[in-house]
Every structure is written in structure tokens, then in C-alpha cells.
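# Examination of the molecular architecture
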Amino acid sequence: MPTIDLTGKAAVVTGSGRGLGLAYAHALAAHGASVVVNDVDGDAAEQAVKSITEAGGTAVAEVVPVGGAEAADRLVGRAVEEFGRLDVLVTNAGILRDKVLWKMTDEDFDAVITTHLRGTFTCARAAAVRMREQGGGGTLVLVGSPAGQRGNFGQTNYSAAKAGIAAMARTWSMELARASITVNAIVPVAATAMTETIPALAPYTEALRNGQRLPDFLRKGEGFGTPEDCAALVPFLASDAARGITGQCIGIGGDKVALWSHPQEIRAVYADGGWTSDALADAWPTSVGAEPQTVGIPAPKIPEA
């Protein structure tokens with residue numbers, strides 16, 4: 001099997017002080033990339049850099065909240081200043097402000113959209129400008145979520161942002177193809193602070209913290225594991241082995257990797273001359289509406305004791 005070698009490449013990973021972002025940064029560095037670690041928590045960012053360098057990697061910290069263009073320019077500029085170029089961007093930074101629709105405030109909505117959606121846009125734009133100028137292609141890895149693929153109760157803002165990120169990956173893959181810049185969205189599922197609140201998973205995440213291995217029904221059946229289980233996908237997508245992969249939404253977690261489908265029409269029915277409301281009411285139950293699509297992230301299938 002070929003060895004993934006990212007020696008000489010420079011990467012920026014937003015929100016990489018802990019959790020999934022830290023796992024992505026470690027994986028890139030382990031394969032030879034130099035990494036700009038980004039976080040809003042300066043202590044977490046510095047500790048992440050220390051852990052990477054102690055493992056033999058190369059990393060520096062840039063402490064700034066993503067969202068605006070100035071932060072994006074700082075991150076790209078830091079990579080160029082320290083390493084001379086930018087080859088890989090991973091847009092991982094995110095926050096949660098969960099509430100049901102009728103209780104969600106403008107501030108709750110705007111904060112999540114700013115960090116996830118606008119932050120992905122501004123960082124990707126700055127990275128694309130630099131990658132096109134320096135030539136040689138590049139890699140954008142946008143971090144999505146099952147919530148963006150299927151929706152999730154209480155996550156209007158987060159689901160909307162992650163759905164938008166998947167759409168941006170598809171759009172940018174077309175726009176940046178001539179510059180040999182690949183763009184993909186990854187859909188990780190892992191035991192993090194965001195999943196610890198799921199009651200059915202709580203005993204297993206606690207066991208994981210105590211050093212126990214997750215059972216196969218979670219690692220395989222649910223594709224649920226540790227942040228480190230999701231990390232291998234990022235160096236792969238940044239490597240020459242993945243040069244032909246772009247515009248995709250790729251899920252990973254536990255022992256599972258999967259390709260998500262793009263939204264598409266699944267059935268259709270026709271009426272000569274067009275449709276009336278009454279004709280739709282008659283036809284719907286036995287034609288396009290016979291098998292409605294499900295919504296929401298399926299609940300974990302926990303075996304009975």
C-alpha cells in the first residue's frame with residue numbers, strides 16, 4: 001500500500017485545540033505536514049502545539065475566533081509566514097446554541113451561523129486565493145455533520161449551517177477544479193462534548209473516558225468511535241492518492257467510512273397540461289408521497305441487556 005506523505009505541505013486546522021480538530025491536526029502532522037493550530041482558547045491551542053511537537057511534528061498556534069475575513073486572512077497569513085505556503089485547510093471550528101425554533105433567539109442563530117457557515121466561507125475564500133496564486137493545487141476539507149444531512153431536533157442553526165457547508169463543498173469543487181484544488185465535506189461521528197449529551201450514549205462515552213473500548217455495535221453498526229477514529233480521512237484527502245476525489249460528502253466514525261448521497265429526485269409523476277391542487281391531493285398518496293422520506297438522525301440501536 002502507498003504511504004501517505006505530506007512532507008513539505010502546510011495546513012491550517014480551525015478549532016483544533018481539542019476534540020476532533022486536535023485529532024485532525026495530529027494526523028496531518030504525523031504524515032509530515034506543518035500545521036497552524038487555531039482555537040479561541042489560547043491555552044488549548046498552545047497545549048495542542050506542544051503535544052504535536054513532542055510527537056515529532058511541526059505546529060504553531062494562531063489564537064483567533066473564526067467568522068470574519070480578518071481572522072481568515074490571519075490564519076492563511078500565518079501559514080505562509082511560518083511555512084512559506086498553504087496546501088490544506090480544514091474548517092473544523094464550531095459552537096452550539098441548541099434550542100427549539102420558538103425559543104431560539106437571533107443571537108443564538110447568528111452566533112452558530114457566523115462560526116460554522118461564515119467561518120467556513122471566509123477561511124475557504126482566503127485559502128483559495130492563496131492556493132490559486134501559488135499554484136500546484138490544494139485541498140479544502142470542510143467539516144459537516146449528520147445534522148446537516150438529515151436535520152436534528154433543537155438544532156435549527158447548526159443543521160442549517162452544516163447543510164450549507166455540504167452545498168458549498170459541491171459548489172466550490174466545480175469552481176476550483178481548474179486550479180486543481182479539491183473540496184470535500186467530511187461527516188464525522190465521534191465521542192465529543194457535542195455527543196456526550198445524548199442519553200443513550202452517555203454510559204459508553206463515560207466508559208470510553210475510563211479507557212474501555214466501545215462495543216462493535218457502536219463502532220460498526222453506528223459508526224461511532226473516538227475523534228482519532230475520524231482523523232485518518234483528513235491526511236488521505238490531502239494526499240496525492242485523493243487527487244481525483246472532490247465534491248463529495250464522506251462520513252467516518254468508529255470502524256465505518258461511508259459516502260453520503262447528494263439530494264436528488266427519487267420519484268416523479270406527471271399530469272398533462274400541469275397540476276391543479278385537487279389533482280395533487282388525489283395523486284399524492286399513491287405516487288410521489290407513497291413513501292415519504294424520514295427526517296432526523298436515527299437513534300442509536302442499543303442492544304437490550
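The structure this text deals with has already been given above.
So, a few notes on the structure that sits alongside this text.

Here is what the cut-offs are and how they apply
Residues numbered from 1 in each chain as written. Predicted model: local features only at pLDDT ≥ 70, side-chain atom pairs only at ≥ 80, totals over all residues. Heavy atoms only, no water. Core = buried A, V, L, I, M, F, W, Y, C linked by side-chain atoms within 4.5 Å. Buried < 20%, exposed > 50% of the residue type's maximum accessible area, 1.4 Å probe, protein only. Helix = DSSP H or I, 4+ residues; strand = E, 2+ residues; numbered from the N terminus. Axes fitted to C-alpha atoms, helices over the stretch in contact; angles between N-to-C directions. Parallel < 35°, antiparallel > 145°, perpendicular 65-115°, else oblique. Left-handed = near helix turned anticlockwise from the far one by under 90°. Contact = heavy atoms within 4.5 Å. Nonpolar A, V, L, I, M, F, W, Y, C, P; charged D, E, K, R; others polar. Pairing = 2+ DSSP bridges. Salt bridge = Lys/Arg side-chain N within 4 Å of Asp/Glu carboxyl O.

Bringing the nonpolar core into the picture now. With 34 residues, the main nonpolar core has Y24, L28, V35, V37, V90 and I186 as its most contacted residues. When residues in this core are grouped by element, the largest group, seven residues, is from helix α1 (residues 19-30).

Axis separation between α1 and helix α2 (residues 42-54) bottoms out at 10 Å; the angle between their running directions is 30 degrees. Taken together, the axis directions place α1 and α2 in an arrangement best described as roughly parallel. Relative to α2, α1 is oriented so that their crossing is right-handed. For the pair α1 and α2, the contacting residues are L22, A25, H26 and A29 in the first and A48, S51 and I52 in the second. Residues that form the contact of α1 with α2 fall into these classes: five nonpolar, two polar and no charged.

This part is about the pairing of strand β4 (residues 88-91). Burial along β4 is two-sided: V88 and V90 facing one way and L89 and T91 facing the other are all buried. For strand β1 (residues 10-13) and β4, the ladder comprises three bridges, and the chain directions are parallel. Bridge pairing in β4 places A11 opposite V88. Bridge count between β4 and strand β5 (residues 138-143): four bridges; the pairing is parallel. Note on β5: the bridge partner recorded for V90 is V141.

Time to look at the pattern of salt bridges. Taken as a whole, this structure holds 14 salt bridges when the rule is applied. Its salt-bridge partner being R213, residue D255 comes within 3.9 Å of it at the nearest N-O pair. Placement of the pair is D255 in the loop between β7 (249-253) and β8 (256-259) and R213 in the loop between α7 (202-209) and α8 (216-221), with a sequence separation of 42 residues. Taking the relative accessible area as the measure of exposure, D255 reaches 38% and is therefore partly exposed. For D255, the salt bridge goes to R219, with nearest N and O atoms at 2.7 Å.

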